Amino acid sequence: MNPLDTFTDQAQILMGDLASAEHYRRLALGEFCGTKCAACDAVTFPPRMHCPDCFAADVTWVQIGAGATLYGFTTQTRALRFRAPEVIGIVHIPDVGLVVSPIGGRFEDLRIGQAMTLEIIAIDDGKRLVHSFV
């Protein structure tokens with residue numbers, strides 16, 4: 001197990017991060033979501049229980065990811081969070097902005113601006129889910 005995954009689990013338990021818990025619950029249902037502020041309409045990813053723009057606490061869950069495009073990408077030979085070598089990219093998601101994500105596919109075949117499709121991947125024998133774009 002990756003030490004950062006252990007830290008994330010502990011942080012969720014200690015801080016009661018309801019947004020993270022709900023995010024992973026929704027991933028298990030095949031939904032990739034952010035939160036939308038009722039006061040200012042800002043859509044946020046990662047999802048939060050309050051709006052980081054106006055600090056309002058009235059947020060709703062919305063599906064995101066449709067219309068995503070590749071903004072930039074690289075590959076790495078050493079890894080902390082992702083496995084090496086792996087393609088890591090920045091994906092532009094409409095109404096959300098830029099999101100760092102693992103990218104499926106071969107580095108040589110990727111092009112900035114290409115359309116990306118969300119993929120939910122089960123790891124650790126299905127105990128954890130992560131998002132990726134292909």
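So, here is what we can say about the structure in this document. (Residues numbered from 1 in each chain as written. Predicted model: local features only at pLDDT ≥ 70, side-chain atom pairs only at ≥ 80, totals over all residues. Heavy atoms only, no water.)

## Brief notes about the packing of aromatic side chains
Step number 1: For the structure shown, the criterion picks out 3 aromatic pairs.
Step number 2: Judged by centre distance (4.9 Å) and plane angle (50°), the rings of phenylalanine 32 and phenylalanine 45 are tilted. Of this pair, phenylalanine 32 sits in the loop between helix 2 (18-28) and strand 1 (33-37) while phenylalanine 45 is found in the loop between strand 2 (43-44) and strand 3 (59-63), placing the two residues 13 residues apart along the sequence. Assigned by exposure class, phenylalanine 32 and phenylalanine 45 land together as buried.
Step number 3: Ring geometry for phenylalanine 73 and phenylalanine 107: centres 5.2 Å apart, planes at 70°, overall edge-to-face. Here phenylalanine 73, found in strand 4 (residues 69-76), pairs with phenylalanine 107, found in the loop between strand 6 (97-102) and strand 7 (118-123); they are 34 residues apart in sequence, far enough to count as distant.
Step number 4: You can call phenylalanine 73 partly exposed: its relative accessible area is 25%.
Step number 5: Using a relative accessible area of 34% as the deciding quantity, one classes phenylalanine 107 as partly exposed.
Step number 6: An aromatic cluster is defined as three or more aromatic residues linked by ring pairs; in this entry it consists of Phe32, Phe45 and Phe133. (Phe/Tyr/Trp six-rings, centres within 6.5 Å; stacked < 30°, edge-to-face > 60°. Helix = DSSP H or I, 4+ residues; strand = E, 2+ residues; numbered from the N terminus. Buried < 20%, exposed > 50% of the residue type's maximum accessible area, 1.4 Å probe, protein only.)

## Points about the nonpolar core
Step number 1: Counting 16 residues, the largest nonpolar core has Phe32, Val91, Ile93, Ile103, Met116 and Phe133 as its most contacted members.
Step number 2: Mapped onto this core, the elements with two or more residues apiece are strand 5 (86-93) and strand 8 (128-133).
Step number 3: Ranked by the residues each element gives to this core, the list is headed by strand 5, at 3 residues.
Step number 4: Ignoring any residue separated from it by four or fewer positions in sequence, one finds phenylalanine 32 in contact with His23, Leu27, Phe45, Val62, Gln63, Ile64, Gly65, Ile93, Leu118, His131 and Phe133. (Core = buried A, V, L, I, M, F, W, Y, C linked by side-chain atoms within 4.5 Å. Contact = heavy atoms within 4.5 Å.)

## Re the sheet that holds strand 6
Step number 1: Read across the open sheet, the 3 strands follow the order 4-5-6; overall the sheet is antiparallel. For this open sheet the edge positions go to strand 4 and strand 6, each flanked by a neighbour on one side alone. Going across the sheet, the axis of each strand differs from the next one's by a mean of 20°, ignoring polarity.
Step number 2: Note: strand 5 against strand 6, 6 bridges, orientation antiparallel. For glycine 89, the partnering residue across the bridge sits in strand 6 and is serine 101. (Pairing = 2+ DSSP bridges. Axes fitted to C-alpha atoms, helices over the stretch in contact; angles between N-to-C directions.)

## Considerations on the side chain of serine 101
Step number 1: The residue serine 101 is located in strand 6 in this model.
Step number 2: When its relative accessible area of 0% is taken as the criterion, serine 101 is described as buried.
Step number 3: With near-sequence residues (within four places) excluded, serine 101 lies in contact with Val87, Ile88, Gly89, His131, Ser132 and Phe133.

## Notes on the pattern of salt bridges
Step number 1: Under the definition given, this model contains 5 salt bridges.
Step number 2: Across the pair glutamate 22 and arginine 25 runs a salt bridge, and its minimum N-O distance is 2.8 Å. One end of the pair is glutamate 22 and the other is arginine 25, both in helix 2 and 3 residues apart, which spans about a single turn.
Step number 3: For glutamate 22, a relative accessible area of 18% translates into the label buried.
Step number 4: Among the ionic contacts, a cluster of salt bridges with common partners joins Glu22, Arg25, Arg26 and Glu31. (Salt bridge = Lys/Arg side-chain N within 4 Å of Asp/Glu carboxyl O.)

On their own, these measurements won't tell you what the molecule is for.
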